Structures are given as structure tokens and as C-alpha cells.
Amino acid sequence: MNMKFPLALAACAVLASCGHAHAQRRGDQIEVLVQMRNGRLLPLREIERRVLPTMGGAQYIGFDFDSDSGIYTLKFLRNGDVIWVDVDGRSGQIIGRTGN
């Protein structure tokens, strides 16, 4: 059996799943914008403005956002340890913290 066909089929499956992931990400971005415009979700910059001063000099690495729950997870580094801070995107309140 020619190996080109199964490889091409596998490549198509991977590309199709990547396209779906990209479309989902784009849909999440649009949903976040709509929620921010309607005042139901705080912008990332506001979340950062509230949380960064509480981190005692830890280096801010970046964030993740879960559009289903509306939770921002800010990531920090201090003395080689990673710290995750979960923040409610609606209220701006810190709701959890992991790490030192």
C-alpha cells in the first residue's frame, strides 16, 4: 500500500483540527470584546493594574483567560518559582493563588 495516502489523510485531520482551534479562539476573542463593551468583564489592563502591585516585586510573565468562566490567570516568577493568580474577570477580585 502506498504510504502517501495515509500520511496525507493524517495531515488533513491535523489541519482541520487546527482550523477548528483557531476558529474557537477567534470566537472567544469576540465574546470577550462583547462582554467588555457591555460592562460584564473587566479589560486585562484593569486586572493587571489591580494585581501587579500586590505581587511584591515578582516578575510578571503573562496571562491566560478562560472565556467560559471569565477567569484571568496571571503568571509570575519569583526566585525560580511560578505563581499563578486567578482573578474574577467580572469583579477584579483575586479568587485563588498557587505558588510562593
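Residues numbered from 1 in each chain as written. Predicted model: local features only at pLDDT ≥ 70, side-chain atom pairs only at ≥ 80, totals over all residues. Heavy atoms only, no water.

A. Representation of the side chain of E48 in the model. Among the structural elements, E48 can be located in helix 2 (residues 44–51). For E48, a relative accessible area of 12% corresponds to the buried category. Among the polar contacts listed, one links the side chain of E48 to the side chain of Y60, at a separation of 2.7 Å. (Helix = DSSP H or I, 4+ residues; strand = E, 2+ residues; numbered from the N terminus. Buried < 20%, exposed > 50% of the residue type's maximum accessible area, 1.4 Å probe, protein only. Polar contact = N/O pair within 3.5 Å; in protein donor to acceptor, adjacent residues only side chain to side chain.)

B. Expanded view of the nonpolar core. One finds V51 and F76 to be the most contacted residues of the largest nonpolar core, which totals 14 residues. Among the secondary structure elements, those contributing two or more residues to this core are helix 2, strand 2 (71–78) and strand 3 (81–88). Not counting residues within four places of it along the chain, the set of residues in contact with V51 comprises L74, F76, V85, V87 and I94. (Core = buried A, V, L, I, M, F, W, Y, C linked by side-chain atoms within 4.5 Å. Contact = heavy atoms within 4.5 Å.)

C. Spotlight on the sheet that holds strand 2. Strand order in this open sheet of 4 strands is 1-2-3-4, and the pairing throughout is antiparallel. Of all strands in the sheet, those with a lone pairing partner are strand 1 (59–66) and strand 4 (94–98), marking the two edges. Ignoring which end each strand starts from, the neighbouring axes of this sheet average 20 degrees apart. Of the strands in this sheet, strand 1, strand 2, strand 3 and strand 4 are in contact with helix 2, which crosses strand 2 at around 45 degrees. (Pairing = 2+ DSSP bridges. Axes fitted to C-alpha atoms, helices over the stretch in contact; angles between N-to-C directions.)

D. Quick peek at the environment of A58. With respect to the secondary-structure elements, A58 resides in the loop between helix 2 and strand 1. A sequence separation of 17 residues divides A58 from K75, and the C-alpha atoms of the two residues are 9.5 Å apart. When sequence neighbours within four positions are dropped, the list of residues in contact with A58 reads F76, L77 and R78.

By themselves these figures say nothing about function.
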